[in-house]
Amino acid sequence: MNHSLPGLFPEELETLVASLGEPAYRGRQVFEWIHRHGVLTPQDMTNLPRGLRDRLIASNSEEVRRLVSVDGLTSKLLLRLHDGQEIEAVQMNTETGRKTICVSTQAGCAIGCVFCVTGQFGFARNLEAGEVVEQVLRFATVERPVTNVVFMGMGEPLANYDEALRAIRLLTHPLGLHLGARRITLSTSGLVPQMRQLAAEGFQIGLAVSLHAPNDDLRSRLMPINKRWPIAEVIAAADHYAERTGRRVSYEYTLMAGVNDSSELASELVELLHGRLCHVNLIPLNPTQDPSLHASSADRALTFERRLREGGVPATIRVNRGRDILAACGQLRLAEKKRGRMAV
Ligand code: SF4
C-alpha cells in the first residue's frame, strides 16, 4: 500500500527527503511536525527549507463538516479523502481531562451488522495508516492533548490488520504523540484468526469484542459474521488475548428492545462470561435505518445490568454522548447523503 506522509515512520521519511536531495534529518523533522504538533500543511513546517515544503503534500483530505455537541464535550468530524470517500471520527472529552478519539479504519464496512448504519452501506475500501492517524491529529491541540484512541468507528479494524497495526505503531511512536499502548482500544466483530495474531504482537492495547447476543442463533441474526466465527471460538480467542496480555477484554452489548434485552438472555450471558477476565459494556442502541429496532428502556437496561452484576459479571451501561451531533458510527455520513451531497 502507498502511504501518505502521516503514514510514514521517521526512517521512511528520511529516505523520502533524501530522494528529494535534502539531508536525511529533515525527515525526522517532518515526522515531528506531523505527529507531535499535528501540522498537516507542509507550508506551516517553518524550520524546513521552502523548496522542500513546496514539494511535500502531507494530506489530501479535507474537512467536510465538524459538529460540536450542545454540552461541548463531543465533536464529530466528517473527512473527505483524496478519492472522494468520506469517513467519520469522533472526539469525546470528559470533565476530568480525558480526551478520547474514535477513529474509522475502513470507508464503509463489509461485516453488515443489522443495527449499524455503516454496515448497511457495504464496503468501499481500507484506509491506509496515515488516513487513520490523521483523524487523531485533526483533534490534537496543545491545550488539550489526546489521551486515548479507540478503533471503534467505521469499519472492522482487524479486516485491515496491517494498516491498523501500523497506525497503532505511529500513535505510540516516541517522536510523535507517544500514546501508551494501554490507552488504545481496538474493537472487533470477532475475526478469530486476527484476534490470535494480535495477541502474539506483544502489544498491551485493549481489546473490545462486539458480542450483542449470548447465543449463536441470535448473534447470527444480528451479526452475519457469527456464521463464520461462532461465539465459542470468539470467546476462546478473547480468553487467549486476556491471557497473553493480562488485559481484561471488554464485551460490547448493544441493547435492543425486545431483541436481546430479556432477563433470560441476561442469565445466558452470565453463564457464558462468568469467571472470565472481562467487562460488559451495555450500549443503548443509536437510531438505525431499521424501523423495527429500538433502544431498550432505561428500566430494562438497568435490570439487565443488575442481572449481570448479580451473576458476577462486571457490567456498565455506557452513556450515549453526542446524540445531537449524530455521533454514532455512520450517522453523520448518512445525514450528509440524505442532504444529497454525496453518493454512498
Ligand atoms: S458495527 Fe462495526 S463491524 Fe458491524 S457493520 Fe458496523 S462498522 Fe462494521
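Our subject is the structure that appears above.
The structure reproduced in this document is the subject of the present report. (Residues numbered from 1 in each chain as written. Predicted model: local features only at pLDDT ≥ 70, side-chain atom pairs only at ≥ 80, totals over all residues. Heavy atoms only, no water.)

When you go through the protein chain residue by residue, the secondary structure sums to twelve helices and twelve strands. Here the C-alpha atoms of the protein chain give a radius of gyration of 21 Å, agreeing with the 20 Å that 2.2 N^0.38 yields for 344 residues. In terms of its C-alpha atoms, the protein chain occupies a principal-axis envelope of roughly 70 × 45 × 40 Å. Restricting to contacts in the protein chain with at least 6 residues of sequence separation, those with at least 24 account for 66%. Here the protein chain has roughly 14600 Å² of accessible surface; of this, 50% comes from carbon and sulfur atoms. The distance from the centre of the 40 positive side-chain charges to the centre of the 38 negative ones in the protein chain is 2 Å. (Helix = DSSP H or I, 4+ residues; strand = E, 2+ residues; numbered from the N terminus. Rg over C-alpha atoms; globule rule 2.2 N^0.38 Å. Contact = heavy atoms within 4.5 Å. Areas by Shrake-Rupley, 256 points an atom, 1.4 Å probe, with all protein chains shown as cover. Lys, Arg positive; Asp, Glu negative; His and termini not counted. Charge placed at Lys NZ, Arg CZ, Asp CG, Glu CD.)

Moving on: the packing of aromatic side chains. What the rule picks out here adds up to one aromatic pair. When the centroid spacing of 5.1 Å and the interplanar angle of 35° are considered together, the rings of Tyr 253 and Phe 304 count as tilted. Within this pair, whereas Tyr 253 is found in strand S10 (residues 249-255), its partner Phe 304 is found in helix H11 (residues 298-310), the two being separated by 51 residues in sequence. Directly above the ring of Trp 229 sits Arg 228, whose terminal nitrogen or CZ lies 4.3 Å from the centroid. (Phe/Tyr/Trp six-rings, centres within 6.5 Å; stacked < 30°, edge-to-face > 60°. Lys NZ or Arg CZ within 6 Å of the ring centre and 35° of its normal.)

For the pair helix H5 (residues 129-137) and helix H6 (residues 161-171), interaxial distance at closest approach is 8 Å and the crossing angle is 45°. The angle between H5 and H6 places the two elements in the oblique class. The crossing of H5 and H6 is right-handed. Note on element contacts: H6 touches H5 through Glu 163, Arg 166, Ala 167, Leu 170 and Leu 171, opposite Ala 129, Val 132, Val 133 and Val 136. Split into classes, the residues belonging to the contact of H5 with H6 amount to seven nonpolar, no polar and two charged. (Axes fitted to C-alpha atoms, helices over the stretch in contact; angles between N-to-C directions. Parallel < 35°, antiparallel > 145°, perpendicular 65-115°, else oblique. Left-handed = near helix turned anticlockwise from the far one by under 90°. Nonpolar A, V, L, I, M, F, W, Y, C, P; charged D, E, K, R; others polar.)

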